[in-house]
Amino acid sequence: MRKYNVAVVGATGAVGEEMLRVMEEVDFPVAKLVPLASARSAGGTVAYKEEDVVVKELTETVFDEEEIDIALFSAGGSVSAKFAPFAVEAGAVVIDNTSHFRMDPEVPLVVPEVNPQDIARWRERGIIANPNCSTIQMVQALKPLQDAYGIERIDVSTYQATSGAGKSAMDELVRQMQEFFAFKLDESEHKKFPHQIALNVIPQIDVFMDNGFTKEEMKMVNETNKIMHDSIEVAATCVRVPTLRGHAESVTVTCKRDLDADAARETIAKGENIVILDDPAKSVYPMPTHCVEKNETFVGRIRRDIYRPNVLHMFVVADNLRVGAATNAVRIAQKWIEMETL
């Protein structure tokens with residue numbers, strides 16, 4: 001099997017570190033690994049396959065100098081906007097984890113379990129976009145239902161962990177909890193969130209748009225339809241909760257056909273990388289504790305609506321740093337290799 005020179009942009013960040021772990025776990029065909037970060041982080045090291053690999057500075061010329069084949073970006077939208085074109089110009093395929101290219105009509109937005117065929121469009125810009133974390137796990141669970149029953153509408157409320165806002169957001173939660181137990185929480189500062197996150201839930205992720213929805217919520221609306229190649233009504237309420245890792249979602253899906261809960265459960269279970277945890281009598285259902293450092297999406301609380309036979313409710317949980325970011329990016333790269341070597 002051919003091996004590839006792989007750059008990880010943002011290698012010292014939470015998602016970048018997770019990308020390296022996932023690549024190691026799946027034995028990604030790496031000829032040369034090039035971790036890239038800002039000048040501030042350059043010269044440090046990251047661990048990969050029991051080796052300490054030196055982090056290089058992200059520059060306009062590094063992709064050409066290192067002869068990069070695959071560039072995984074996870075360092076913020078402005079970084080991708082500036083440097084992804086240089087990677088493409090150097091001959092690399094870019095898999096971008098930021099929101100910058102997601103809704104570009106010339107850039108495929110891919111969840112490999114849902115629309116792997118779109119990867120073939122990568123040559124249009126040389127870029128494949130990784131969707132928003134909350135979108136990825138939801139469409140994974142919904143794809144089998146879309147194929148079997150058709151979907152008219154999705155109503156979703158999310159319970160998103162602090163890691164979705166980065167390492168400093170996780171640190172803020174931990175610090176505030178420490179201050180709570182020291183009876184100092186009233187004095188606590190909040191920088192990453194508009195309010196205290198410890199012992200609280202915040203019904204705002206990202207900025208509000210003119211329509212009353214937040215930018216995060218509109219990502220779920222627009223990305224879902226682009227990925228699923230359909231015109232589905234989507235209404236989202238995105239909420240930040242005081243957990244460290246693992247996003248949860250309460251999803252109500254209105255199908256085009258009536259469905260039975262047991263049959264729907266069997267249908268969802270056939271989805272790729274889906275694990276069903278659904279035995280309410282024994283208090284078995286998905287929770288963030290189930291998903292940390294896992295590469296599967298967990299689905300439970302599957303039940304038909306008590307009024308409408310074409311409406312299904314479920315609870316969906318996945319590790320936002322893995323399924324919602326790093327694992328999806330690595331799976332895109334694996335599919336890209338598979339397609340390019342056919």
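Enquirer: Where do I start with the overall build of the protein in this structure?
Expert: For the protein, the count of helices and strands is nine helices and 14 strands. For 342 residues, the compact-globule formula gives about 20 Å, and the C-alpha radius of gyration of the protein, at 20 Å, lands near that figure. Principal-axis analysis of the C-alpha atoms places the extent of the protein at approximately 60 × 60 × 40 Å. Counting over 342 residues, the protein shows a buried share of 54%. Across the protein, contacts joining residues at least 24 apart in sequence account for 67% of those joining residues at least 6 apart.

Enquirer: Got a minute to help me understand the side chain of S74 in this structure?
Expert: Positionally, S74 belongs in the loop between β6 (70-73) and α3 (77-89). S74 gets classed as buried once you look at its relative accessible area, which sits at 15%. Only 3.3 Å separates the side chain of S74 from the side chain of N97, close enough to count as a polar contact. Each residue touching S74, except ones within four places of it in the same chain, is listed here: V9, G10, V15, M19 and N97.

Enquirer: How do you make sense of the sheet that holds strand β5 (residues 56-57) when you look at a structure like this?
Expert: Sheet strands line up and pair through hydrogen bonds in the backbone, either parallel or antiparallel. Sheet architecture is open: six strands sit in the order β5-β2-β1-β6-β7-β8, paired in parallel fashion. The open sheet is flanked by β5 and β8 (127-129), the only strands paired with a single partner. Two elements, strand β2 (residues 30-37) and β5, share two bridges in a ladder whose sense is parallel. Of the residues in β5, the one forming a bridge with L36 is K56. Where helix α1 (residues 14-25) meets the sheet, its contacts fall on β1 (4-9), β2 and β6, and the angle it forms with β1 comes to roughly 150°.

Enquirer: Any chance you could explain the packing of helix α4 (residues 133-149) against helix α6 (residues 215-228) here in plain terms?
Expert: Between two packed helices, what matters for the description is the angle formed by their axes and the separation of those axes. Here α4 crosses α6 at 40°, and the two axes come no closer than 10 Å. With respect to their mutual orientation, α4 and α6 come out oblique. Considering only the axes of α4 and α6, their crossing is right-handed. Here S134, T135, M138, V139, L142, K143 and Q146 of α4 lie close against α6, whose contacting residues are E216, K219, M220, E223, T224, I227 and M228. When its residues are assigned to classes, the contact of α4 with α6 shows six nonpolar, four polar and four charged.

Enquirer: Help me understand the pairing of strand β11 (residues 247-255), please; the structure alone is not making it clear to me.
Expert: Counting buried positions over the nine residues of β11 gives eight, a clear majority of the element. In this sheet, β11 lies alongside strand β9 (residues 151-160) in antiparallel orientation, the contact comprising eight bridges. Residue V156 lies in a different strand from β11, and its bridge partner there is V251. The pairing of β11 with strand β14 (residues 311-318) spans eight bridges and is antiparallel. Paired with T254 across the strands is V311, a residue of β14.

Enquirer: For this particular structure, what's the right way to read the sheet that holds β11?
Expert: Spatially, the six strands line up as an open sheet ordered β10-β9-β11-β14-β13-β12, and their pairing is mixed. Edge positions in the sheet fall to β10 (233-240) and β12 (274-276), since each has one partner strand and no second. Averaged over all pairs of adjacent strands, the angle between strand axes in this sheet comes to 20°, irrespective of strand direction. Where β12 meets strand β13 (residues 297-304), three bridges bridge the pair, whose relative direction is parallel.

Enquirer: Explain the packing of α4 against helix α9 (residues 322-340) here, please?
Expert: Running from amino to carboxyl end, α4 crosses α9 at an angle of 70°, the nearest separation of the two axes being 8 Å. In terms of their interaxial angle, α4 and α9 are classed as roughly perpendicular. Residues C133, I136 and Q140 of α4 form the contact with α9, whose own contacting residues are V323, G324, A325, N328 and R331. Within the contact of α4 with α9, the residues separate by chemical class into four nonpolar, three polar and one charged.

Enquirer: I would appreciate a short explanation of the packing of aromatic side chains in the present structure.
Expert: By convention here, two paired aromatic rings are described through the distance between centres and the angle between planes. Taken as a whole and judged by the stated rule, the model has six aromatic pairs. An angle of 50° between the planes, with centres 6.5 Å apart, marks the rings of F83 and F86 as tilted. Residue F83 and its partner F86 are both found in helix α3; the two are separated by three residues, about one turn of the helix. A relative accessible area of 26% means that F86 is categorised as partly exposed. Here the aromatic rings of W122 and W336 are separated by 5.5 Å at their centres, their planes lie at 80°, and the arrangement is edge-to-face. With W122 in the loop between β7 (93-96) and β8 and W336 in helix α9, this pair connects stretches of sequence that are 214 residues apart.

Definitions and limits used
- Residues numbered from 1 in each chain as written.
- Predicted model: local features only at pLDDT ≥ 70, side-chain atom pairs only at ≥ 80, totals over all residues.
- Heavy atoms only, no water.
- Helix = DSSP H or I, 4+ residues; strand = E, 2+ residues; numbered from the N terminus.
- Rg over C-alpha atoms; globule rule 2.2 N^0.38 Å.
- Buried < 20%, exposed > 50% of the residue type's maximum accessible area, 1.4 Å probe, protein only.
- Contact = heavy atoms within 4.5 Å.
- Polar contact = N/O pair within 3.5 Å; in protein donor to acceptor, adjacent residues only side chain to side chain.
- Pairing = 2+ DSSP bridges.
- Axes fitted to C-alpha atoms, helices over the stretch in contact; angles between N-to-C directions.
- Parallel < 35°, antiparallel > 145°, perpendicular 65-115°, else oblique.
- Left-handed = near helix turned anticlockwise from the far one by under 90°.
- Nonpolar A, V, L, I, M, F, W, Y, C, P; charged D, E, K, R; others polar.
- Phe/Tyr/Trp six-rings, centres within 6.5 Å; stacked < 30°, edge-to-face > 60°.

On their own, these measurements won't tell you what the molecule is for.
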